[in-house]
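# An overview of the molecular structure
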Amino acid sequence: MDVGELLNYQPDRGAKRLRGEDGGGVGGEEARGGKQLKAARDLARHKDLAALGPGDDLDLEETTEDRRRILEKLMDRDEEEPEGEPVDESSVKKMILTFEKRSYKNQELRIKFPDNPEKFMEAELDLNDIIQEMHVVATMPDLYHLLVELNAVHSLLSLLSHENTDILHCSSLHTRQSGTQEVTLTRLHIAIAVVDLLQELTDIDTLQESEEGAEVLIDALLEGQVVALLVQNMERLDEQVKEEADGVYNTLAIVENMAEFRPGLCTEAAQQGLMQWLLKRVKAKLPFDANKLYCSEILAIMLQNNDSTRELLGEMDGIDVLLQQLSVFKRHNPSTAEEQEMMENLFDSLCSCLMLSANRDRFLKGEGLQLMNLMLREKKMSRTSALKVLDHGMIGPEGTDNCHKFVDILGLRTIFPLFMKTPKKMKKAGLSEKEHEEHVSSIISSLLRNLKAQQRSRLLSKFTENDCEKVDRLMELHFKYLEAVQQADKRIEGEKHEMVRRGEILDDGLEDEFYLRRLDAGLFVLQLICYIMVEISNSGIAQLHQRVHQILNLRGGSIKVVRHIMREFAESIGDGKPDEFKEAEKKRIMDLLEHF
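This structure is a prediction, so every number in the text was calculated from the model and none was measured. (Residues numbered from 1 in each chain as written. Predicted model: local features only at pLDDT ≥ 70, side-chain atom pairs only at ≥ 80, totals over all residues. Heavy atoms only, no water.)

### Things to note about the overall build of the protein
- A tally of regular secondary structure across the protein gives 32 helices and 2 strands.
- In the protein, which comprises 596 residues, the share counted as buried stands at 48%.
- For the protein, long-range pairs separated by at least 24 residues make up 77% of all intrachain contacts whose partners lie at least 6 apart in sequence. (Helix = DSSP H or I, 4+ residues; strand = E, 2+ residues; numbered from the N terminus. Buried < 20%, exposed > 50% of the residue type's maximum accessible area, 1.4 Å probe, protein only. Contact = heavy atoms within 4.5 Å.)

And the structure:
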């Protein structure tokens, strides 16, 4: 290595942060500056040595030794620098107190010199430095209680409403001299630095390391209205600036972390302005990016198994927003895998919303049925999810109006070709054959349950078309899924017999597991198909009744088996519904069986 290489050599700084990059690098500037000056002197001396002529009285070994010593100094500078105190309770307390002092000083100077940013710029830098240093606390979640006890959580939350995200108000660049290094601050965001810290503190893996510490931190954040403050902060950020766009992304990560740790907070988060902001961001006319994808994901999470957030979204005209965003994919496929994921998140959100009766009416008025029907006809990637939405929109007595409207918009012409044959593109789009046949069978069973008068006649006439070809397809599916379920039952019975032989107890948990396995094998699809068989046999159209029984007899089927399947279906129907509804549905199905 020659002198030039030595002069240009830069040692690996490892994971240390440079303020010029992200506001890191705290403490010890003077000490580091002294070492850098000493290294510079060593380099200058080395250059003098190299400049000496051959006639100079210089020992070659001494020159070699000097070179080696300088190189070692440069390469080992990180090792010479102290890495800081070991992280323990005492050092964390000291760090938090330093943060409190700097936060107070910054606030004091801002009040004292509101129109002279240069006066509080140094304090702002110091505050940013200690926030970066506090990231180390995220490695010790069992010490999170100190953040709460020493009021650091409250102080951090107060910084989320920092007067300006951009602290550079003056036209001249503010610089800080550190030894021989000059650090230039061009743009620094205290609120974003806090968001970055909170995101790391709430990382789900970290929270799960210490349940007690996590509970204390999450309680303190929620008490401080963290979501409302985060939303207010996001409102001020300009996503055209990369740093601020990253701030939005990290904010959403905080929400996701807390929601995963404590799902119940989704309702509170939605009411604190997050739902409104998410809808606004989703419908914003901005190019597709990671933040829009993340917004769709958070929206789907918040609506899952939560009637309160579903109702709130409906009241905010969220159904229309979802339909508008999905209409883009009516005739065009997503251009990337990420955009496809966003589309599926929006479809999932819509399905969740349709679990609430009031949202079915909004879906109907927003012409959601027409959009889904067009998607089925266009045969794009959206078709698979549109089928799922229709299933959710028409199921149960709450879907009666949607069922009638579906027939009015000629939806029967769309759904029955899908019933007759599973499209190959469905399989390519990620929807299995069983899932496709389940959704189609569920839609037809909902139509049979809910339709009255003329619309019901139009539906039943479909089964008589082309020499009852749809009844033939129905019976084909019946025997297909009956065989799959019987095979699953046989395996389960064998396992039960073996467990009894070993003296193991079959508890409720195991029985539930076995039932889920039967559902996976196709039990629910079989139940839907049997329900359709029973409904059309009781329609009063002799042709349909005769065709069902004729195929059952020809293929060795049994009416007794169908009745057994339907009784099991009647017992499970209406889960989560009032007892009166369950009893009424059970009686209705049993009455149909009597005349099957």
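### A look at the state of the cysteines
- What the rule picks out here adds up to 0 disulfides.
- As a non-bridged cysteine, Cys-353 has Cys-351 as the owner of its nearest cysteine sulfur, 9.3 Å distant. (Disulfide = S-S within 2.5 Å.)

### Overview of the side chain of Glu-535
- The topology assignment puts Glu-535 in helix H29 (residues 523–537).
- The exposure class of Glu-535 is buried, given its relative accessible area of 4%.
- Within the local environment of Glu-535, its side chain forms a polar contact with the side chain of Arg-456, the two groups lying 3.1 Å apart.
- Excluding its chain neighbours within four sequence positions, the residues that come into contact with Glu-535 are Leu-448, Arg-449, Arg-456, Arg-588 and Leu-592. (Polar contact = N/O pair within 3.5 Å; in protein donor to acceptor, adjacent residues only side chain to side chain.)

### Comments concerning the side chain of Ser-442
- Examined against the element boundaries, Ser-442 turns out to sit in helix H26 (residues 433–450).
- The class for Ser-442 is buried, based on a relative accessible area of 2%.
- Every residue in contact with Ser-442, bar those within four places of it in the chain, is listed here: Asp-391, Ile-395 and Leu-528.

### So, the pattern of salt bridges
- In this structure the tally under the stated criterion is 34 salt bridges.
- With a shortest N-O distance of 2.6 Å, Glu-433 and Lys-480 are connected by a salt bridge. In this pair, Glu-433 sits in helix H26 while Lys-480 sits in helix H27 (residues 453–501), placing the two residues 47 residues apart along the sequence.
- The partner of Glu-585 in a salt bridge is Arg-449, with the nearest N and O atoms 2.6 Å apart. Taken as a pair, Glu-585 in helix H32 (residues 579–594) and Arg-449 in helix H26 lie far apart in primary sequence, 136 residues in all.
- Exposure remark for Arg-449: the relative accessible area of 21% places this residue in the partly exposed category.
- Here the residues in one salt-bridge network are Glu-433, Glu-437, Arg-473, Glu-476 and Lys-480, joined through shared partners. (Salt bridge = Lys/Arg side-chain N within 4 Å of Asp/Glu carboxyl O.)

### Section: the nonpolar core
- Residues Leu-350, Met-372, Leu-447 and Ile-536 are the most contacted members of the largest nonpolar core, which totals 147 residues.
- At 12 residues, H27 tops the list of elements feeding residues into this core.
- The residues touching Leu-447, leaving out its near neighbours within four places in the chain, are Met-394, Cys-403, Phe-406, Val-407, Leu-412 and Leu-459. (Core = buried A, V, L, I, M, F, W, Y, C linked by side-chain atoms within 4.5 Å.)

### A word on helix H10 (residues 190–201)
- Helix length check: H10 (12 residues) gives 17 Å between terminal C-alpha atoms against 16 Å at 1.5 Å per residue, within 8%.
- Buried residues of H10: Ile-190, Ala-191, Ile-192, Ala-193, Val-194, Val-195, Leu-197, Leu-198, Gln-199 and Leu-201, and no others. (Expected span 1.5 Å × (residues − 1).)

### Topic: the packing of helix H24 (residues 412–420) against H27
- Remark: H24 packs on H27, axes separated minimally by 10 Å, with the N-to-C direction vectors making an angle of 20°. Between H24 and H27, the angle is such that the two are roughly parallel. Once H24 is placed against H27, the crossing between them reads as left-handed. Here Leu-412, Arg-413, Phe-416, Phe-419 and Met-420 of H24 come into contact with H27, specifically with Arg-458, Leu-459, Lys-462, Phe-463, Glu-469, Lys-470, Arg-473, Leu-474 and Leu-477. (Axes fitted to C-alpha atoms, helices over the stretch in contact; angles between N-to-C directions. Parallel < 35°, antiparallel > 145°, perpendicular 65-115°, else oblique. Left-handed = near helix turned anticlockwise from the far one by under 90°.)

### Looking at helix H9 (residues 152–159)
- Burial within H9 is extensive, with 6 of its 8 residues counted as buried.
- The secondary structure elements touched by the buried residues of H9 are helix H6 (89–112), helix H7 (117–133), helix H8 (144–149), H10, helix H12 (211–223) and helix H13 (226–236).

### Points about unusual backbone geometry
- A positive phi is found at Asn-305, a non-glycine position, where the angle reads about 55°.
- By the secondary structure assignment, Asn-305 is in the loop between helix H16 (290–303) and helix H17 (307–315).
- A relative accessible area of 71% means that Asn-305 is categorised as exposed.

### A few points about the packing of aromatic side chains
- What the rule picks out here adds up to 4 aromatic pairs.
- For the ring pair Phe-416 and Phe-419, a centre distance of 6.1 Å and an interplane angle of 85° mean the geometry is edge-to-face. Of this pair, Phe-416 and Phe-419 both sit in helix H24, separated by 3 residues, roughly a single helical turn.
- What makes Phe-416 buried here is its relative accessible area of 2%.
- According to the relative accessible area criterion, Phe-419 is buried, its value standing at 3%.
- On the basis of an interplanar angle of 90° and a centroid distance of 5.5 Å, the ring pair of Phe-416 and Phe-463 is categorised as edge-to-face. With Phe-416 in helix H24 and Phe-463 in helix H27, the pair connects residues that are 47 residues apart, well separated along the chain. Summarising the burial analysis for this pair, Phe-416 and Phe-463 share the class buried. (Phe/Tyr/Trp six-rings, centres within 6.5 Å; stacked < 30°, edge-to-face > 60°.)

### Quick notes on the environment of Met-302
- In this fold, Met-302 is placed in helix H16.
- Take Met-302: its relative accessible area is 2%, and that puts it in the buried class.
- Those residues in contact with Met-302 that sit more than four places away from it in its chain are Cys-266, Ala-269, Ala-270, Leu-274, Met-275, Leu-278 and Thr-309.

### Describing the confidence of the model for the protein
- Mean pLDDT over the protein: 83, with 80% of residues reaching 70 or higher.
- Of the regions scoring below 50 in pLDDT, residues 1–60 engages in 81 contacts with residues more than four places distant in sequence or in other chains.
- Low pLDDT, under 50, characterises residues 77–82; the stretch is placed with 14 contacts to residues that sit more than four places away or in other chains. (pLDDT = per-residue confidence, 0-100.)

### Details of the packing of H6 against H7
- Orientation of H6 relative to H7, taken along the N-to-C sense of each, is 155°, at an axis distance of 9 Å. By the criterion of interaxial angle, the relationship of H6 to H7 is roughly antiparallel. Handedness of the H6/H7 crossing: left-handed. Judged by residue contacts, Met-95, Thr-98, Phe-99, Arg-102, Ser-103, Asn-106, Leu-109 and Arg-110 of H6 engage Lys-119, Phe-120, Ala-123, Glu-124, Asp-126, Leu-127, Asp-129, Ile-130, Ile-131 and Glu-133 from H7.

### Here we look at the environment of Arg-473
- Secondary-structure assignment places Arg-473 in helix H27.
- Looking at Arg-473, the relative accessible area reads 10%, which means it is buried.
- Once the C-alpha coordinates of Arg-473 and Phe-463 are considered, the two residues, 10 residues apart in sequence, prove to be 10.0 Å apart.
- The residues contacting Arg-473, other than those within four sequence positions of it, are Phe-419, Met-420, Lys-421, Thr-422 and Glu-437.
- In terms of polar contacts, Arg-473 uses its side chain to reach the backbone carbonyl oxygen of Phe-419, at 2.9 Å.

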